[in-house]
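# Structure assessment
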Amino acid sequence: MGDRTFARAMAAVREYRASRTIPEDLLGKGGMDESLAQITDGLDKLFAILDHSKYKARAAPVQTRTHTMAVSERFTLCRDENVVGLTLRRVDGGDVPPWHPGSHLDLVLPSGRRRQYSLCGDPLEKDAYSIAVRLVPDGGGGSAEMHTLEVGDRLSVTGPRNAFPFYASGSALFVAGGIGITAIIPMVRRARALGMDWHLVYSGRSRQSMPFLDEVSTWDQERVTVRTDDVDGLPTAADLLRHAPDGGSVYCCGPPPMLALVREGVPATGATRLHYERFSPPPVVAGSPFSVELASSGTVLDVAADRTALDVIREVVPGVPYSCRQGFCGTCKVKVLAGAPEHRDRRLADDEREDYMLICVSRSAGERLTLDL
Ligand code: FES
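Rules used in this analysis
- Residues numbered from 1 in each chain as written.
- Predicted model: local features only at pLDDT ≥ 70, side-chain atom pairs only at ≥ 80, totals over all residues.
- Helix = DSSP H or I, 4+ residues; strand = E, 2+ residues; numbered from the N terminus.
- Contact = placed C-beta atoms within 7 Å.
- Buried ≥ 20, exposed ≤ 12 C-beta atoms within 10 Å, placed from the backbone.
- Pairing = 2+ DSSP bridges.
- Axes fitted to C-alpha atoms, helices over the stretch in contact; angles between N-to-C directions.
- pLDDT = per-residue confidence, 0-100.
- Core = buried A, V, L, I, M, F, W, Y, C linked by C-beta atoms within 7 Å.
- Domains from an automatic or database assignment.
- Arc of directions from axis to C-beta.

## A few points about the overall build of the protein chain
Broken down by element type, the protein chain carries nine helices and 18 strands. Pairs at least 24 residues apart make up 63% of the contacts formed inside the protein chain by residues separated by at least 6 positions.

## A few points about the pairing of strand β7 (residues 171–177)
A large share of β7 lies buried, amounting to six of its seven residues. As judged from the seven bridges shared by β7 and strand β8 (residues 197–204), these two strands associate in the parallel manner. Pairing of F174 across the sheet is with L200, part of β8. In terms of strand pairing, β7 meets strand β10 (residues 249–254) through five bridges, oriented parallel. Note on β10: the bridge partner recorded for A176 is C253.

## So, the sheet that holds strand β9 (residues 224–228)
The parallel open sheet is built from five strands, whose spatial order is β9-β8-β7-β10-β11. Across the chains shown, the open sheet's two edge strands, defined by having one partner strand only, are β9 and β11 (273–278). The mean angle between the axes of side-by-side strands here comes to 10°, regardless of whether they run parallel or antiparallel. Its contacts with the sheet put helix α4 (residues 181–193) on β7, β8, β10 and β11, and the angle it makes with β7 is roughly 155°. Running at roughly 170° to β11, helix α8 (residues 256–265) makes contact with β7, β8, β10 and β11 of the sheet.

## Topic: the confidence of the model for the protein chain
As a general rule, the predicted coordinates of low-pLDDT regions are not to be interpreted in detail. This prediction gives the protein chain a mean pLDDT of 86; 83% of its residues lie at or above 70. Throughout residues 18–33 the model reports pLDDT below 50, and contacts reaching past four residues in sequence, or to other chains, amount to 43 contacts. Confidence drops under pLDDT 50 across residues 51–64; counting only partners more than four residues distant or on other chains, this segment forms 18 contacts.

## Some points on the nonpolar core
I131, F174, V175, I184, V250 and V262 are the most contacted members of the largest nonpolar core, which has 59 residues in total. Take this core: its biggest share by element is seven residues, from α4. When we break this core down by domain, the ones giving at least three residues each are domain 2 (66–162) and domain 3 (171–278). When neighbours within four sequence positions are excluded, V262 is seen to be in contact with V175, A237, L240, L241, V250, C252, L274 and Y276.

## Description of α8
Residues of α8 that are buried: M258, L259, L261, V262 and G265. Buried positions in α8, seen along its axis, are confined to an arc of 160° and lie on one side of it. Exposed residues on α8 whose side chains face more than 90 degrees from its buried face are P257 and E264. Buried positions along α8 lie against β7, β8, α7 (237–241), β10 and β11.

## A short note on the environment of L261
Mapped onto the elements of the fold, L261 is located in helix α8. Residues L261 and A237, 24 residues apart in the sequence, show an inter-C-alpha distance of 5.2 Å.

Structure, rendered in structure tokens:
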């Protein structure tokens with residue numbers, strides 16, 4: 001290996017250790033390749049061994065970087081005006097950490113709420129990030145707060161992190177549902193730029209509610225299927241997967257019913273890989289009812305088999321912190337004072353599991369837990 005290639009390789013390793021994002025091709029080509037992605041997976045294992053820790057595919061400790069950023073642009077992204085686009089820049093004027101399609105940011109909002117948003121801008125833009133946020137009126141307040149942000153407002157931004165990497169080779173079917181397009185659109189742009197064989201299925205409630213339609217309408221329409229519930233009805237697996245490529249990949253980001261259709265349907269297609277990302281929590285599966293006692297007040301709450309402790313606790317403690325609601329960010333970690341948790345997360349280290357739990361996904365192995373809340 002020549003000196004320059006070795007230097008590039010070491011730089012790629014440093015970048016990967018810092019951000020867990022897959023670096024560009026070592027030889028400087030425009031895209032990353034799948035073999036390099038496999039090498040980074042190997043590096044994860046190697047680093048875990050060096051750190052004397054056990055390798056867990058999705059729970060490797062993530063080293064992140066945090067910056068104070070300010071809103072520099074604010075714009076509306078769809079006709080019903082319920083999706084706002086925000087451009088964020090560092091307040092010290094520096095470059096932002098690099099990112100690749102599929103990455104997201106962890107934001108701390110002015111209220112202290114933590115939320116995660118996919119990056120939907122141009123990775124080549126070195127000094128700004130772009131995100132898009134759909135207003136969810138009956139949500140936890142995070143999207144409503146994001147919609148109140150004005151140019152100049154500041155946020156604490158950590159990341160980027162990439163739990164949904166795009167392997168820019170071969171053929172790909174992209175399936176996006178609603179605001180899930182934010183994770184998918186940088187992948188499609190990259191696929192177009194590389195001349196890949198691709199197809200996009202973009203589904204939403206109505207055209208008025210779907211962001212980025214103006215851009216999508218400029219692409220080769222033979223490679224694009226836009227469908228809306230108000231005209232076409234709810235999509236079936238066949239609607240979503242009709243263009244799944246033989247020997248290629250399917251990338252999906254959308255609401256739980258869409259993900260369920262795609263996950264069940266892909267094995268019947270010729271596609272060999274499915275990559276997906278959720279933007280809302282999965283339904284509770286195989287849960288048993290239990291109760292939680294909040295130690296500070298003595299309040300006892302019943303958690304039904306199909307609900308999470310977080311959802312029930314939020315009804316009486318609206319400010320309880322949370323973010324991903326999928327058991328990987330760690331924001332909802334709570335000390336367990338009595339009882340035995342049934343851990344369902346991908347985040348806690350083994351030595352944390354006796355005393356703590358993530359209440360967004362984990363449950364109780366017995367009838368009652370007492371929590372330090
Ligand atoms: S909210 Fe992210 S782990 Fe619970």
